[in-house]
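Inside the fold
Chain residues, written in single-letter form:
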Amino acid sequence: MKKFAIAAATATALTLTMANAAFAQQPTQAPMMLAAGEVTKAKEETSDTWITTKVKADLLTEKGIPGSDIKVETNKGVVSLSSDVTVTDAQKTTAVEITKKIKGVRDVSAGGLKAE
């Protein structure tokens, strides 16, 4: 029994020594650092994506608005609405009003909406 305990302890010690040697040979990576401008850009892109998604969802759920036909693009909080199908003046006005109510929207351009 004593021989088994000694053999087990030796095997464990050898395994730990080999594992330490293997880990010591791996290069360590420095933490990834982002420049302040990159962080700001990432926040703007996330915000623009969120705004676009929210506008699209709100237009799709509004009765009387052809939300599936309206294209929504956002750049730095400015939302552009456009469409290949014709919408009424009332639909265009409603789409702009819905868009302006969304948090983060700085301005709305609806020049791309073809109104009757």
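Further up the page is the structure itself.
Note that the coordinates shown come from a computational prediction; the quantities given were computed from them, not determined experimentally.

**A short note on the overall build of the protein chain**
Within the protein chain, the regular secondary structure consists of 3 helices and 3 strands. Shown N-terminal to C-terminal, the secondary structure of the protein chain runs as helices and strands in the order α-α-β-β-α-β. If you take every contact in the protein chain between residues at least 6 apart in sequence, the share linking residues at least 24 apart comes to 58%. With an accessible surface of roughly 8700 Å², the protein chain has 59% of that area assigned to carbon and sulfur atoms.

**What about the pairing of strand β3 (residues 107-115)?**
Bridge analysis of strand β2 (residues 78-87) against β3 gives 6 bridges, and the strand direction is parallel. Looking at the pairing, Thr-86 lines up with Lys-114 of β3. You can see the chain leave β2, run along helix α3 (residues 89-100) and come back into β3, and the turn it takes is right-handed.

**Regarding the nonpolar core**
Residues Val-55, Leu-59, Ile-70, Val-72, Leu-81 and Leu-113 are the most contacted members of the largest nonpolar core, which totals 17 residues. At the level of secondary structure, the elements contributing two or more residues to this core comprise α2 (36-61), β1 (70-75), β2, α3 and β3. Look past the residues within four positions of Leu-59 in its chain and what remains in contact with it is Ile-65, Gly-67, Ile-70, Val-72, Leu-81, Ala-95 and Ile-98.

**As for the sheet that holds β1**
Sheet architecture is open: 3 strands sit in the order β1-β2-β3, paired in mixed fashion. Where the open sheet ends on each side, the last strands, each with one partner, are β1 and β3. Across the sheet, the mean angle separating the axes of adjacent strands is 15 degrees when strand polarity is ignored. The pairing of β1 with β2 spans 6 bridges and is antiparallel. In the strand pairing of β2, Val-72 is matched with Leu-81.

**Examining the pattern of salt bridges**
Scanning all chains against the criterion turns up 2 salt bridges. Between Glu-73 and Lys-71 there is a salt bridge; the shortest N-O distance is 3.1 Å. Of the residues examined, Lys-71 reaches a relative accessible area of 48% and is grouped as partly exposed.

**Here's the deal with the environment of Gln-91**
Relative to the helices and strands, Gln-91 is located in helix α3. Taking the C-alpha atoms as reference points, Gln-91 and Pro-66, separated by 25 residues in sequence, lie 8.2 Å from one another. What Gln-91 contacts, discounting residues up to four positions off in sequence, is Gly-64, Ile-65 and Pro-66. Of note is the side chain of Gln-91, whose polar atom sits 2.9 Å from the backbone nitrogen of Thr-88.

**Thoughts on the side chain of Ser-83**
Within the element layout of this structure, Ser-83 appears in strand β2. By relative accessible area, which is 7% here, Ser-83 ends up buried. Here Val-85 takes part through its backbone oxygen, which lies 3.0 Å from a polar atom of the side chain of Ser-83. Excluding residues within four positions of it along the chain, Ser-83 makes contact with Asp-69, Ile-70, Gly-112, Leu-113 and Lys-114.

Procedures and definitions
Residues numbered from 1 in each chain as written. Predicted model: local features only at pLDDT ≥ 70, side-chain atom pairs only at ≥ 80, totals over all residues. Heavy atoms only, no water. Helix = DSSP H or I, 4+ residues; strand = E, 2+ residues; numbered from the N terminus. Contact = heavy atoms within 4.5 Å. Areas by Shrake-Rupley, 256 points an atom, 1.4 Å probe, with all protein chains shown as cover. Pairing = 2+ DSSP bridges. Right-handed = clockwise from strand over helix to strand, strands pointing away. Core = buried A, V, L, I, M, F, W, Y, C linked by side-chain atoms within 4.5 Å. Buried < 20%, exposed > 50% of the residue type's maximum accessible area, 1.4 Å probe, protein only. Axes fitted to C-alpha atoms, helices over the stretch in contact; angles between N-to-C directions. Salt bridge = Lys/Arg side-chain N within 4 Å of Asp/Glu carboxyl O. Polar contact = N/O pair within 3.5 Å; in protein donor to acceptor, adjacent residues only side chain to side chain.

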